[in-house]
Amino acid sequence: MISSHVPLLGFAAYSGTGKTTLLEALLPKLTQTGLRIGVLKHAHHDFDIDQPGKDSYRLRHAGASQMLIASRLRYAKITETPESEPEFEQLIAQFNQEELDLILVEGCKNIAFAKIELHREPTGKPWLYPNDAQIIAVAADTPCDAKLPQLDINDIDAIAAFVLNYVKGFHHPHRHEGKKEGASCDSFAHPNTLSVDEAKQRILSALQPLTDRETVDLKDAGKRILSDNVTSTMNVPAFRNSAMDGYAIAYDDLPSQRWQIVGQVLAGHAFSSAIQSGQAVKIMTGAPLPADVDTVIMREEAQEQDGYVSFPQAHITKGQNVRHPGEDLAIGQTVFTTGQPIHAPEQGMLASLGVNRVSVYRRLKVAIFSTGDEVFEPGEDVSDAGLYDANRYSLRGLLQHQNCEVLDMGILPDDPEIIRQALEEMSGNADLILTSGGVSVGDADYVKQVMQSLGHIELWKINMRPGRPLAFGAIHHTPIFGLPGNPVAAMVSFIQFVQPAIARMQGDNDWQPLSIMAMAEEDLRSKQGRTEFTRGIYQINEHGQLTVKTTGHQGSALLHSMSQANCLIEIGPHIDRIKSGESVTIIPLQGRI
C-alpha cells in the first residue's frame, strides 16, 4: 500500500464519467463535518496554472525549474518535471499531512491504493473492479455483480457517508510491512500483474529452509551452509606474539639508547632464557614473545651494529606490535552462526581453530527438464523446425554455481500425460523442480495446465522484461518454477527469483543480491510500470568511474548477448528514460553465471 499518515481515497473512472463534478458536490458535505481535506488531481495532458503575462509565468518560462508564488492568502509551488512523471508517493508527500484528515485523489486508477469506482452506463466503458483488488466500493447508475458496497452515483449524501465511515476506520499504513516499488499515475501496469519485488516476497514467504544436516570434512565444505553455531574452543591468538618482524624490548628500559641483542625468536619456537635490562631479542612475525619483554619495534625502524640495536627515529609506545591471547577470539566466543555460507575466509578461520569437520545443511536437490517437440539435445539431428536445448544447460550451470545437486530429467515432449508422470516422479525425489517453457498462453503450453491439476500456481505474470511469464507453485509440497522458454528470459528470471529462493531453502537467511550504481554511457529507455533488465557491460573509465553500456540488441532469444554481458542494467518501474551520464543500477553477473 502507498505510505500516508492520513486516509487516502481515490475516485477511479474513465474520462467522461464526471469525477470532478462529483467531487465538487462531495467536498462541501465532507468539510461541513470538520474534515480538513487535500485533493490530488492527475491530468493526462500538459497543463498550466499560470496565465501568460503574469510574473510567475514569465519567470518559469525564463528557466526556473521550481517557482514558489506566495501572497497573504495562499502560496503555490510549481515544479517542472520534463524528464519523467513524478512518482505517486512523491506527489502525496507534497501534502502537509499534519494539517489534513483526508486526501482525495481524482484519477491515478492504475496505482494500488483504496478507490471508489465511478461508473456511468452511457459512457460504454468497462467496469474496473474485476481487475483491481484495491477498489473498495462502486458508485454507479446501474447495478453490477461486484461483491462490494454499491452506491448510487447520484446520491452524494450516501457517498459522503461512506467516505466518513472509511475515515473513521482508517488504519495507519505503517502497520503494513514491506516497501513497494514506486509508480507514476500513468503507470501502465495491469492490476493483476506483480512487480518484481512483490513476486520475490510471495515466493520467499512460501518457502522453508531445509532441516536435513550432515557432517563434512572442512576441505569439502566450500559453498555449504552451516547448520550449527561454531564457538571457539581456544584463544586466538593462543599466546602473546609479535605482529611483525622486529626487535622485542622491555618498555621500561627506555630511555636507553641501544640494546644488546641476546638471541632470536622464530615462529614456532620459544625463547626460554631470561632477558636482562638493556637487552633485546630479534623476533619474527607470529613468534611467541619472551616473558621479560613487552614491546616490539619494527625492523625498518632499527639500526643494528656490532651486536647492538638502536631505534633513533622510532616513536615507541608501550605494548606496540604485540598481539595478546584472545585478541581475535576468546574461548567460548561465537565465531559463526547457523546460516553462515562457507567460503575461503570461513574455511581458513575454521582451520585456524583446529576444526576439521563441520555440520552443514545437505545440498538442495533440484530437478530440471525442458519441454517441447521442437527441442533437441546437442549432438542430435535437428528437424527443420527444431532447435537445440540451450536453456537446460544454462540452468544446470546456474544450479551448479549455487552448489545444488542437479537431477536432470532431459527433454519432455508436448504430451500432458508424460509431463504429469514426470512431475509426479520429481515431486517425490527433489526439493525443488525447475523447468523452462510451457508457461505462456500457447495451445501447447502444458506445464502450467499440469501444475494446476496436480497442485497449485501462486503467480505467473510479472511486470518485467524479459521474463514476463513465470509460473510458481507446488506439487505435493514440492516447490516448482516454470521459467519462460526464451533463453535470456529464463536466465534473468532465474537470477531474479530462483536464486534467492534457493538461498532461502539452503538456509542462507542473509543472502542479498549485489547491486551497485554506474554511470550510463548511452541513453537508456524503458516503459513506465515495468522493471527492465538490459544486458550490459560495465568497466572503469580513465577517471576511475564505473560506467556501463548495453550489449546492443536486447531480444530475449539472443543468448550470445548474455555471454557478452557482465551485468544486468536494472531500470525501475517508475523510470522511462535514463540519459547518458546519469546513474543507473547494475547487477554484476561475474560470480553469478
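Residues numbered from 1 in each chain as written. Predicted model: local features only at pLDDT ≥ 70, side-chain atom pairs only at ≥ 80, totals over all residues. Heavy atoms only, no water.

Chemist: Looking at this model, I keep getting lost on the overall build of the chain. Mind explaining?
Modeler: Along the backbone of the chain there are 11 helices and 36 strands. Out of the 593 residues belonging to the chain, those deemed buried represent 45%. Pairs at least 24 apart in sequence give 68% of the contacts found in the chain among residues at least 6 apart. (Helix = DSSP H or I, 4+ residues; strand = E, 2+ residues; numbered from the N terminus. Buried < 20%, exposed > 50% of the residue type's maximum accessible area, 1.4 Å probe, protein only. Contact = heavy atoms within 4.5 Å.)

Chemist: Would you explain a negative patch on the surface in this entry?
Modeler: Where like charges cluster on the molecular surface, the negative patch consists of Glu121, Asp141, Asp152 and Asp155. Among the structural elements, Glu121 can be located in the loop between β6 (115–119) and β7 (135–140). (Patch = residues over 30% accessible without salt bridge, like charges linked within 9 Å, V, L, I, M, F, W, Y side chains within 5 Å. Areas by Shrake-Rupley, 256 points an atom, 1.4 Å probe, with all protein chains shown as cover. Salt bridge = Lys/Arg side-chain N within 4 Å of Asp/Glu carboxyl O. Lys, Arg positive; Asp, Glu negative; His and termini not counted. Charge placed at Lys NZ, Arg CZ, Asp CG, Glu CD.)

Chemist: In this structure, what is going on with the side chain of Arg392? I would like to understand it.
Modeler: Of note, Arg392 is situated in helix α7 (residues 391–401). Accessibility expressed as a relative area gives 4% for Arg392, which makes it buried. Setting aside residues no more than four positions away along its own chain, Arg392 makes contact with Ile368, Phe369, Ser370, Glu377, Asp408, Gly410 and Ile411.

Chemist: Looking at this structure, I do not really get the pairing of strand β13 (residues 259–265). What am I missing?
Modeler: In summary, the side chains of a regular strand alternate between the two faces of the sheet. Both β13 and strand β17 (residues 308–310) contribute to a ladder of two bridges, which runs antiparallel. By the bridge assignment for β17, Trp259 is matched with Val309. Of the strand pairs in this sheet, β13 and strand β14 (residues 279–283) are connected by four bridges, and their pairing is parallel. When the bridges of β14 are listed, Gln264 appears paired with Lys282. (Pairing = 2+ DSSP bridges.)

Chemist: What is the right way to look at the packing of aromatic side chains in this model?
Modeler: The geometry of two aromatic rings is summed up by the distance between their centres and the angle between their planes. Within this structure, the stated rule accounts for four aromatic pairs. Geometrically, the ring pair formed by Trp127 and Tyr129 is edge-to-face, given 5.5 Å between the ring centres and 65° between the ring planes. Between the aromatic rings of Tyr247 and Phe311, the centroid separation amounts to 6.2 Å while the plane-to-plane angle is 55°, which identifies the pairing as tilted. Taken together, the residues Tyr247 in strand β12 (residues 246–249) and Phe311 in the loop between β17 and β18 (322–323) connect sequence positions 64 residues apart. Judged on exposure class, the residue Tyr247 and its partner Phe311 are both buried. A connected cluster of aromatic rings, assembled from ring pairs, spans Tyr247, Trp259 and Phe311. Seen from the ring of Phe113, Lys115 lies directly overhead, with NZ or CZ sitting 4.8 Å from the centre. Over the aromatic face of Tyr308 sits the side chain of Arg258, whose NZ or CZ is 3.9 Å from the ring centroid. (Phe/Tyr/Trp six-rings, centres within 6.5 Å; stacked < 30°, edge-to-face > 60°. Lys NZ or Arg CZ within 6 Å of the ring centre and 35° of its normal.)

Chemist: What's the story with the sheet that holds β14 in this structure? I'm lost.
Modeler: Neighbouring strands of a sheet are bound in pairs by backbone hydrogen bonds; such pairs are parallel or else antiparallel. Overall, mixed pairing links the six strands, which are arranged β15-β12-β14-β13-β17-β16 in an open sheet. Both outer strands of the open sheet, β15 (295–298) and β16 (303–305), are each paired with one neighbouring strand and no more. Ignoring which end each strand starts from, the neighbouring axes of this sheet average 40° apart. As judged from the four bridges shared by β12 and β15, these two strands associate in the antiparallel manner. Across the sheet, the residue bridging to Tyr247 is Ile297, located in β15. (Axes fitted to C-alpha atoms, helices over the stretch in contact; angles between N-to-C directions.)

Chemist: What is the right way to read helix α1 (residues 19–31) from this model?
Modeler: Since one α-helical turn is 3.6 residues long, residues separated by three or four positions face the same way. End to end, α1 covers 18 Å across 13 residues, agreeing with the expected 18 Å (1.5 Å per residue, within 8%). Listed in full, the buried residues belonging to α1 are Lys19, Leu22, Leu23, Leu26 and Leu30. Here the buried face of α1 lies against β1 (8–12), β2 (37–41), β5 (102–106), β6 and α4 (156–168). (Expected span 1.5 Å × (residues − 1).)

Chemist: Got a minute to help me understand α4 in this structure?
Modeler: The terminal C-alpha atoms of α4 lie 18 Å apart, and with 13 residues this matches the ideal 18 Å at 1.5 Å per residue to within 8%. Considered for burial, the residues of α4 that qualify are Ile156, Ile159, Ala160, Phe162, Val163 and Val167. On an axial view of α4, the arc spanned by its buried residues comes to 160°, and they lie on one face. Facing away from the buried side of α4 by more than 90 degrees, the exposed set consists of Asn165 and Lys168. Buried-residue contacts for α4 involve β1, α1, β5, β6, β7 and β8 (150–152). (Arc of directions from axis to C-beta.)

Chemist: Would you mind going over the pattern of salt bridges with me for this structure?
Modeler: Any two side chains of opposite charge can pair, so long as their charged atoms come close to each other. On inspection of all chains with the given rule, the structure shows 20 salt bridges. In this structure, Asp212 and Arg362 form a salt bridge, with 2.9 Å as the shortest nitrogen-oxygen distance. Here Asp212, found in the loop between α5 (196–205) and β9 (213–217), pairs with Arg362, found in the loop between β20 (357–361) and β21 (365–371); they are 150 residues apart in sequence, far enough to count as distant. You can call Asp212 partly exposed: its relative accessible area is 38%.

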